[in-house]
Amino acid sequence: MELRSKAPAGPLADKWERYRSDIRLVSPTNKLKHHIIVVGSGLAGASAAASLAELGYTVSCFCFQDSPRRAHSIAAQGGINAAKNYQNDGDSVFRLFYDTIKGGDFRSREVNVYRLAETSLRIIDQCTAQGVPFAREYGGLLANRSFGGVQVARTFYARGQTGQQLLLGAYQALERQVGAGKVRMYPRTEMLDLVVVDGRARGIVVRDLVSGAVGSSAGDAVVLATGGYSNVYYLSTNAKGCNVTAIWRAHRRGAAFANPCFTQIHPTCIPQTGHHQSKLTLMSESLRNDGRIWVPKRKGDARPPREIQESERDYFLERLYPSYGNLVPRDVASRRVKEVCDEGRGVGPGGYGVYLDFADAIARLGRHVIAERYGNLFEMYERITAENPFDVPMRIYPAPHYTMGGLWVDYNLMTTIDGLYAIGEANFSDHGANRLGASALMQGLADGYFILPYTIGDYLAQVKLGQVGTDHTAFRQVEREVSERVERLLAARGRTTPDAFHRELGRLMWDKCGMSRNAQGLKETLQKIAALGERFARDVYVGGKGEEFNQTLEHAGRVADFFELAELMCRDALHREESCGSHFREEFQTPEGEAKRDDARFGYVAAWEYAGAGKAPVLNKEPLEFEVVHPAQRSYV
Amino acid sequence: MRLTLHVWRQSGPRDAGRFVRYDVTDVSPDMSFLEMLDVLNQQLLGRQEEPIAFDHDCREGICGACGMVINGRPHGPQHATTTCQLHMRTFPDGAALWLEPWRARAFPVVKDLVVDRSAFDRVIAAGGFITARTGSAPEANSTLVPKRDADLAMDAAACIGCGACVAACPNASAMLFVAAKVSHLGLLPQGQPERATRVVSMVAQMDAEGFGACTNHGECMAACPKEISIDFIARLNRDYLKAVARPKPQAVKANGGDV
Ligand SMILES: Cc1cc2nc3c(=O)[nH]c(=O)nc-3n(C[C@H](O)[C@H](O)[C@H](O)COP(=O)(O)OP(=O)(O)OC[C@H]3O[C@@H](n4cnc5c(N)ncnc54)[C@H](O)[C@@H]3O)c2cc1C
Ligand code: FES
């Protein structure tokens, strides 16, 4: 497999502008004739579908929820970055670019990241014009806050509901096109496979989640905007429905999967309370602007937090990283939290927690200021834990949150299958081995509003696509395969529910392929996953029929794909004999316990190629070349 | 904790439906309401019985997917709380709970506690947007928005589209949902050009979907998990009257001016 990044030549700052001017265009009359399939209606999918329809393409958009407005992007809390430099604190496109590359521990593609930083400016303009009610200062200008891993305030926000407001903006733009008859929306419809004809993506096979009918949609290009796969861990901050199925099925049809083991563990989540737990709840990173993280200095100190004197507390992030303090990047913060808990200094049930304390900020700024900034997060915390963060410090612990890995894409956001694109969290681009806070929303909207709508035209203008409808034999064949998979799940009629299997898989992955990893643990886990996967095939119980609304069946299909993905994640983590960003191999660390990269051996993107059932996947490497930045040991001290 | 649940079971839109009783044991007060249903569903599957269908996704009170009527109240007894955010410690040990889907003509039942809320999407498609073609936006700080207006717009924009307002209303009116969107966009300078057409188009679509009329019961606000105020309904009414009093008001088709 050949990996061509298609990165344009020329000075970094001019590349995108020049490239855009050279790109081939599709004439207005021809646009109408091209049918584009967009799978996903989150920030990436909704913005892409709306923008493509505005350009004149005929668009179909799919999501598994009952409405496109409920895509997981809706849950993003803290904010979205843009290099506007409204605070006059020295921000610039270059600085955002540099922070992102460094935050990702020098494992992302320079050209893509620069383009992202450049595009960030227009996103804020676009969303404001749509009526996104961003927070404002008294004078009427837009307000900003800070996020981890940076020293400027470049994050735009709408209370603690930034994702909701950005998604509603994109959703409304999408619905405008639905109303105009230019987008056909298919809610409660799940993509279960990709159809490739003569080497090009020409459609998808879907299951109607209400009737259970398996059917197809044919088009000239397919865009996957299906989000991330943190739910491989079962417990994560993601919505329950988030899954890997769409991109996994595309992977099996020939799309390379890049850096699957790069998964972000977010430091500030509400700790687990019991075995019934169905998901974990994030407490936004923005809280680290005003909250101070600490644990008792003494092991096993079980006194209530307010009885522990200042001198008996260890504000470990402030101690270890004086210049970034509580705002170090997520991978660093999570690892340090785990470390103090492993030392026996954790707080709360089981010792899996550290304090996030607002007492100083409340004393300094007043209760009302804190309430205005974080009111809804405090309420959410109290509902879940029955504790009021105004009175007692929050307890937090890391949890799986975001996946930097995803389908490999070139500069055009095209995968290794012609005509198949991946945007948003579903692709691997831009965040390297660790994503900075408030950058996922930025990337999703950059891809959907401002990049894909151009680059897809370049493809459609060049290729000569024959007429392919859903009556083509390739569609019949894939539909048959999908139906057979559904049948197999139903026919097992074993004794264990998909949910129970999912939990077990999640625990394996969390223990050995989570916050820290080592070769022995990964090797053992590979064997355990294989064994569990076999048991799943034999012993799963789904019940009901395929031709009906069947939520257990939906879940079972997703779990089946998580098994295969989990194996690839472990393989990837095992092969990468270095630590970088979120990927922490215990064997490779500095004396201070920081990630120790090995640029000479691993300065590449690992793009895995599917080789067939039961065969070892093939590793392809895209070397990372840095023209402008110089990879260095990350330092936040 | 132990509970007795009476759950509405309905296999599809054409089935008449009925309550079925389940006794649930081993409920922890720290569980969320949906986790309690998960436990029951796992037990049902273990007995090869059909699990209870209900919508949910984020389980954080923001996606608007979840929702059921619990003992006569949409999203249950706790103020400003979605079903997924409700915790079992809210209920006494031994409680009897009656669970029903949203009941409204415009929200047909899909199965058990799952309803079809696509009418809301069609109301938005009719006019619940600001036309801002991608790429055409001016510099964001070129339009100042007083903080007061931005904050009030955000209060309205906090709607999660769950449909509890409709379920709570004796007339199954969607007025609070529509008013929230009309107000969010109408409070901002960017929303002014389409302000009149927006309200007229959205109200026309709301009526066409079969939602009832608003007769100011105020049940919607009491049930709303995001505490959307009925003051926004007054604002909608003002906007609507102003719009229809203008010469030639017309419900425009979405995107009518484009292309
Ligand atoms: C709790 C939380 C808070 C966050 N806060 C922030 C933040 O403050 N700032 C930030 O930058 N990022 C944040 N993130 C990350 C960010 O929200 C996500 O990375 C981003 O929203 C992903 O957007 P997306 O469009 O790629 O995918 P999603 O929003 O996940 O959308 C996926 C879409 O694909 C559809 N889909 C999936 N599979 C299928 C299938 N097989 N068939 C059909 N449809 C399918 C779904 O229905 C959905 O419409 C947060 C994440 C979480 C979990
Ligand atoms: S599941 Fe999302 S609001 Fe309840």
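Here the structure is a predicted model, which means the values were calculated and not measured.

1. Let's talk about the packing of helix 5 (residues 110–130) of chain A against helix 12 (residues 440–462) of chain A
Residue and element names in this part refer to chain A. It is at 9 Å that the axes of helix 5 and helix 12 come closest, and there the two elements cross at 95 degrees. Of the possible angle classes, the one that applies to helix 5 and helix 12 is roughly perpendicular. The segment helix 5 lies against helix 12, with R115, L116, T119, S120, R122, I123, Q126, C127 and Q130 engaging M442, Q443, L445, A446, Y449, F450, I451 and Y454. For the contact of helix 5 with helix 12, the class distribution of residues is 10 nonpolar, 5 polar and 2 charged.

2. A look at the domain arrangement of chain A
Residues and elements named next belong to chain A. Annotation of chain A at the domain level lists domain 1 (266–399) and domain 2 (473–600). The centre of domain 1, based on its C-alpha atoms, is set 31 Å off from the matching centre of domain 2. Between domain 1 and domain 2, the contact holds 13 residues from the first and 11 residues from the second. In this assembly, domain 1 packs against domain 2 so that about 840 Å² is buried in total across both faces, 49% of it on carbon and sulfur atoms. Area buried by domain 1 at its contact with domain 2 is led by R335, R336 and K338, which between them contribute 52% of it. Joining domain 1 to domain 2, the criterion identifies 1 salt bridge. Among the salt bridges present, the one from R336 reaches E594, with a minimum N-O distance of 3.0 Å. The tally of links from domain 1 across to domain 2 stands at 7 residue pairs in polar contact (both at pLDDT 80 or more). The set of elements that each furnish at least two residues to the side of domain 1 that touches domain 2 consists of helix 9 (330–345) and strand 15 (394–403). In terms of residues, the side of domain 1 that touches domain 2 owes the most to one element, helix 9, which gives 6 residues.

3. Observations concerning the interface of chain A and chain B
The partner chain B presents 78 residues to the 78 residues of chain A that form the contact. Summed over both sides, the interface between chain A and chain B buries roughly 6,300 Å², with carbon and sulfur atoms accounting for 49% of that surface. Counting the surface chain A buries against chain B, the share from its top three residues, R70, R176 and R383 of chain A, is 12%. Put simply, chain A and chain B have 6 salt bridges between them. One salt bridge in this structure joins E60 of chain B and K279 of chain A, with 2.9 Å as the shortest N-O distance. Elements represented by at least two residues in the side of chain A that touches chain B include exactly helix 3 (43–55), helix 5, helix 6 (162–179), helix 11 (367–385), helix 12, helix 14 (498–512) and helix 16 (551–575) of chain A. A per-element tally of the side of chain A that touches chain B places helix 6 of chain A first, with 9 residues.

4. Some points on the site of ligand 1
All names here are of chain A. In the neighbourhood of ligand 1, 38 residues make up the surrounding shell, with Q65, S73, G78, M191 and E425 lying closest. The backbone of S41 places a nitrogen or oxygen atom 2.8 Å from an oxygen atom of ligand 1. Within the contact set of ligand 1, an oxygen atom lies 2.9 Å away from a backbone nitrogen or oxygen of A440. At the level of secondary structure, the elements contributing two or more residues to the shell around ligand 1 comprise helix 3, strand 6 (189–197), strand 15 and helix 12. A total of 3 residues in the shell around ligand 1 trace back to one element, the largest contributor, which is strand 6. Within the shell around ligand 1, the residues separate by chemical class into 17 nonpolar, 18 polar and 3 charged.

5. A word on empty space enclosed by the protein
Under the counting rule described, the total for this entry stands at 8 cavities of 30 Å³ or more. Counted as a void, the largest cavity has a volume near 830 Å³. Listing elements by their share of the lining of the largest cavity, those giving two or more residues are helix 3, strand 6, strand 15 and helix 12 of chain A. Grouping the amino acids of the lining of the largest cavity by side-chain chemistry returns 20 nonpolar, 24 polar and 6 charged. Quantified by volume, the second largest cavity comes out at close to 180 Å³. Lining the second largest cavity are 15 residues, and of these Q277, T281 and I384 of chain A together with E35 and H87 of chain B sit closest to its centre. Across the lining of the second largest cavity, the residue classes tally to 4 nonpolar, 7 polar and 4 charged.

6. Quick word on the domain arrangement of chain B
Residues and elements named next belong to chain B. By the assigned domains, chain B splits into domain 1 (3–104) and domain 2 (117–132 + 143–245). Each of domain 1 and domain 2 was reduced to a C-alpha centroid, and the two centroids are 29 Å apart. At the junction of the two partners, domain 1 supplies 15 residues and domain 2 supplies 15 residues. Summed over both partners, the interface of domain 1 with domain 2 comes to about 1,100 Å²; 58% of that surface belongs to carbon and sulfur atoms. The interface formed by domain 1 and domain 2 holds 5 residue pairs in polar contact (both at pLDDT 80 or more) in total. In terms of residue class, the side of domain 1 that touches domain 2 is made up of 8 nonpolar, 6 polar and 1 charged.

7. A look at the pairing of strand 14 (residues 354–357) of chain A
Regular strands place their side chains on alternate faces of the sheet. Residues and elements named next belong to chain A. Here strand 14 shows two buried faces, one formed by V354 and L356 and the other by Y355 and D357. Looking at chain direction, strand 12 (residues 292–296) and strand 14 are connected through 3 bridges and run antiparallel. By the bridge assignment, R292 is partnered in strand 14 with D357.

8. Considering the sheet that holds strand 1 (residues 3–9) of chain B
Strand pairing within a sheet occurs via backbone hydrogen bonds; the two strands may be parallel or antiparallel. Residues and elements named next belong to chain B. Reading across the sheet, the 5 strands line up as 2-1-5-3-4 and stay open at both edges, with mixed pairing between neighbours. Sheet topology places strand 2 (18–24) and strand 4 (73–74) at the edges, where each strand pairs with a single neighbour. Taken together, the 2 bridges between strand 3 (residues 69–70) and strand 4 define a ladder with antiparallel strand orientation. If you follow I70 over to strand 4, its bridge partner there is R73. On the sheet, helix 1 (residues 33–46) packs against strand 1, strand 2, strand 3 and strand 5 (96–100) and is oriented at approximately 80 degrees with respect to strand 1.

9. A short note on helix 6 (residues 195–208) of chain B
Taking 1.5 Å per residue, 14 residues should reach 20 Å; helix 6 of chain B reaches 20 Å between its end C-alpha atoms and fits that length. Those residues of helix 6 of chain B hidden inside the fold are in contact with helix 2 (118–127), helix 5 (175–186) and helix 8 (231–245) of chain B.

10. Quick notes on the confidence of the model for chain B
Atomic detail in the predicted coordinates should be set aside for any region of low pLDDT. Scored by pLDDT, chain B comes out at a mean of 95, with 95% of its residues at no less than 70. The ipTM, which scores confidence in the relative placement of chains, is 0.96 for this predicted complex, and the corresponding pTM is 0.97.

11. Points about the packing of aromatic side chains
Residues and elements named next belong to chain A. For the structure on display, the rule yields 35 aromatic pairs over all chains. Taking the centre distance of 4.7 Å and the plane angle of 45 degrees together, the rings of W294 and Y355 count as tilted. Of this pair, W294 sits in strand 12 while Y355 sits in strand 14, and the two are 61 residues apart along the sequence. Measuring from centroid to centroid gives 6.1 Å for F358 and Y374, while their planes differ by 50 degrees, and the two rings are tilted. Placement of F358 in the loop between strand 14 and helix 10 (359–365) and of Y374 in helix 11 is noted, with a sequence separation of 16 residues between them. Residue Y374 is classed as buried on the basis of its relative accessible area, which comes to 1%. Among the aromatic residues, those joined into a ring-pair cluster are W16, Y19, Y411 and Y454.

12. Considering the environment of E175 of chain A
Within the secondary structure layout, E175 of chain A lies in helix 6. If near-sequence neighbours (up to four positions away) are discounted, E175 of chain A is found in contact with P68 of chain A together with D121, I124 and A125 of chain B.

13. A look at the packing of helix 1 (residues 15–22) of chain A against helix 12 of chain A
Residues and elements named next belong to chain A. Helix 12 packs onto helix 1 with a crossing angle of 40 degrees between their chain directions and a minimal axis gap of 10 Å. When the axes of helix 1 and helix 12 are compared, the pair comes out oblique. When you trace helix 1 past helix 12, the crossing you get is left-handed. Of the residues in helix 12, those in contact with W16, Y19 and R20 of helix 1 are F450, I451, Y454, T455 and D458.

Here is what the cut-offs are and how they apply
- Every chain is numbered independently, its residues counted from 1 as its sequence is written.
- Numbering of ligands from 1 and lettering of chains from A proceed in the order in which they are written.
- In keeping with the predicted nature of the model, local features appear solely for residues at pLDDT of at least 70, side-chain atom pairs appear and are counted solely at 80 or more, and the whole-chain, interface and lining totals rest on all residues.
- Only hydrogens and water are removed before side-chain values are computed, so all heavy atoms of the structure are retained for them.
- Note on geometry: axes are lines fitted to C-alpha atoms, helical ones only across the stretch in contact, with angles between N-to-C directions running from 0 to 180 degrees.
- Strands are runs of DSSP state E lasting at least 2 residues, helices are runs of H or I lasting at least 4, and numbering of each runs from the N terminus.
- Oblique is the label for every angle not falling under 35 degrees (roughly parallel), over 145 degrees (roughly antiparallel), or within 65 to 115 degrees (roughly perpendicular).
- By the convention used here, residues are in contact when the closest approach between their heavy atoms is within 4.5 Å.
- When residues are grouped by polarity, Ala, Val, Leu, Ile, Met, Phe, Trp, Tyr, Cys and Pro land in nonpolar, Asp, Glu, Lys and Arg in charged, and all others, Gly among them, in polar.
- Per the annotation, domain bounds derive from an automatic or database assignment of domains.
- As used here, buried area is the combined drop in accessible area, with a 1.4 Å probe, of two parts when they are placed together.
- Salt bridges are defined as contacts in which a side-chain nitrogen from Lys or Arg sits within 4 Å of a carboxyl oxygen from Asp or Glu.
- Polar contacts here mean pairs of N or O atoms no more than 3.5 Å apart (in protein, one a potential hydrogen donor and the other a potential acceptor; neighbouring residues in sequence count only if both atoms are side-chain atoms).
- We define proximity as follows: a residue is near a molecule or strand when any one of its heavy atoms falls within 4 Å of that partner.
- Of the grid points, spaced at 1 Å and generated over the protein atoms alone, those admitting a 1.4 Å probe that cannot get out make up cavities, while open sets with protein on both sides within 12 Å along at least five of seven lines make up pockets; any residue with an atom within 4 Å of a point is treated as lining.
- Grid points are joined across faces, edges and corners, and a volume is the space filled by probe spheres set on the points.
- Working definition: with a 1.4 Å probe on protein chains only, accessible area under 20% of the residue-type maximum means buried, over 50% means exposed, and in between means partly exposed.
- Strand pairing requires that DSSP identify at least two bridges connecting the strands.
- Here, expected helix span is obtained from the residue count minus one, scaled by 1.5 Å.
- What pLDDT reports is the predictor's confidence in each residue, on a scale of 0 through 100.
- Aromatic contacts are taken between Phe, Tyr and Trp rings whose centres are within 6.5 Å, Trp giving its six-membered ring; a plane angle under 30 degrees counts as stacked, one over 60 as edge-to-face, and the others as tilted.
- Handedness of a crossing follows from how the near helix is turned relative to the far one, being left-handed for an anticlockwise turn of less than a right angle and right-handed for a clockwise one.

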